[in-house]
Amino acid sequence: MTYLTIDTLPDLSAAQMNIAPLLTFYPIRYDGYSFDWDESASFRSDGAHLLFNDVFYFNGIANIPYDISSDSARDPSGITVYDMAGNAIAVDRELEYDGAYPSDLLINFVAPYSGKFYVSAGWNQLSTNMTTSLTVYADMNKPAKAPQRIKGSDLDETVGYGSSVDDLIDGGGGIDQVVFYNPRVNYSILRHGQTTSVTSILRNEGNDVLSNVEVLRFSDITGKTTFLDMTYVDLAESLYIGYFGRAADVGGLNSFQAQLAALKAPTTVSGLNARYGTDAALKSLVDSFGASAESNALYGGDNKSFVTAIYANVLNRAPDQGGLEFWSKAIDTGSLTRAGASLAIMAGAQSNNTPQGQADAQLLGVKINVASNFTYALDMGNLGGAYNGAGPAAAVRTMLGSLSASTDVLAFQPMVQQVIGKMAKLPGVQSPIQDLAPPDAGHAPVLLTGIDSSDNSAFLFA
């Protein structure tokens, strides 16, 4: 069985693998209770000594699903599973920082082969409390099931799911909604291409891969309901990348999506660019990005310098001479405004059929996916306040600037989690970056800010 390795995480050293203790499986017997697991392998420390190595190994069986739990005095930095050669192949979906729960869970790791697997527990101990535990649970009677495929029609539809089987859901036409029966914070949401993966980090509900689904609804037993509208996610993140070189914060994404919906905007960059010159309300909304303090600080100088900076932030490269002359001349002659330039350059990149144009379009798709996954991870961890000021904004620009057209979005997610985890621990983190206000008839959108005097980007991305 082939499987992906996570190249953004360091491999285990030979020394770590050589001293890793074995976790031995024993049957689970609980009279009168029903559990999905049949066997477990555990390590627990009573805190009598400090553990200098949190790496263990277990012998897994191909196609058997395993759940892994790690506990320490403070929230563990994360669970990582490695193959027999020490390559990282799975990580838990929780953020690096979660002060509310001193435990991490990696749900439904399906062994890609029979043999040795290493696990790093990521313990975070206190000098006054060194209690730690690591448990691997095995469901020996339930080999991984084939995904369940659900295809919608052209009507508006609602689909409810919470089973342990992976679901491949194509909503088809209409406005389609998928319901998950737990709070939003319990789910990891990852964009990959034109699909969205939704996975519970606390329960084995399978990995649901959605396409053509416009709304996600999360409900819990208290009756609280949270809606996520997916219609304008890609467009909103595109504009944040184009005008700020970074991902949207949670409040900004929600606000800007609401404004686009209120204006019945197109859902694509090319569609918005086509409407920009004829729709005054949409032009005003886009121009508020270009006129913001943050965008002006990022894009300055004469028109050629301005275009060069847009290429660097949006396409991660310098402009070719023809592109530089074309776009700077358009601004010089007044046929293109500076406020509309980022939108027009992105639209041009996505419609260019040359080899360079195709590479630029693919890179933009990767950046939009990674930016969306960053924003969703902030939302899942209730860490919107950590994304505040010039330091975190610069760190996210650096992260997006490291991407290429060939970057595997899912394999890159541990780097996203690492950046967020480090942001959450910065001193003085307060409220989110100021972003566009919700739609309000008769009032212009609030201009975006978010630049302050501190810059911790090097620390965040190191």
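Q: Break down the environment of arginine 217 for me, citing the residues and quoting the values.
A: Looking at the element boundaries, arginine 217 is found in strand E17 (residues 215–219). Considered as a pair, arginine 217 and tyrosine 181 are 36 residues apart in the sequence and their alpha carbons are 8.4 Å apart. Those residues in contact with arginine 217, other than ones at most four positions away along the chain, are Gln177, Val178, Val179, Phe180, Thr225, Thr226 and Phe227.

Q: Can you explain the nonpolar core? Please cite residues and give values.
A: Leu239, Leu260, Val307 and Leu343 are the most contacted members of the largest nonpolar core, which has 41 residues in total. Listing elements by their share of this core, those giving two or more residues are helix H2 (233–244), helix H3 (250–262), helix H4 (269–276), helix H5 (280–290), helix H7 (303–315), helix H8 (321–333) and helix H9 (338–351). In terms of residue count, H9 provides more of this core than any other element does, eight residues in total. Setting aside its immediate chain neighbours within four residues, leucine 260 contacts Tyr232, Leu235, Ala265, Leu282 and Leu285. Ranked by size, the runner-up nonpolar core spans 25 residues in total, among them Val250, Leu363, Phe412 and Ile420.

Q: Give a description of the confidence of the model for the protein chain that names residues and reports values.
A: Here the protein chain averages 81 in pLDDT, while 82% of its residues score no lower than 70. Per-element averaging of pLDDT across the protein chain places helix H13 (residues 457–461) at the bottom with 42 and strand E8 (residues 115–120) at the top with 95. Considering only residues more than four positions removed or in separate chains, one finds that residues 95–100, a stretch of pLDDT under 50, has 20 contacts. Across residues 427–462, confidence stays below pLDDT 50; counting only partners more than four residues off in sequence or on other chains, it has 91 contacts.

Criteria and thresholds
- Residues numbered from 1 in each chain as written.
- Predicted model: local features only at pLDDT ≥ 70, side-chain atom pairs only at ≥ 80, totals over all residues.
- Heavy atoms only, no water.
- Helix = DSSP H or I, 4+ residues; strand = E, 2+ residues; numbered from the N terminus.
- Contact = heavy atoms within 4.5 Å.
- Core = buried A, V, L, I, M, F, W, Y, C linked by side-chain atoms within 4.5 Å.
- Buried < 20%, exposed > 50% of the residue type's maximum accessible area, 1.4 Å probe, protein only.
- pLDDT = per-residue confidence, 0-100.

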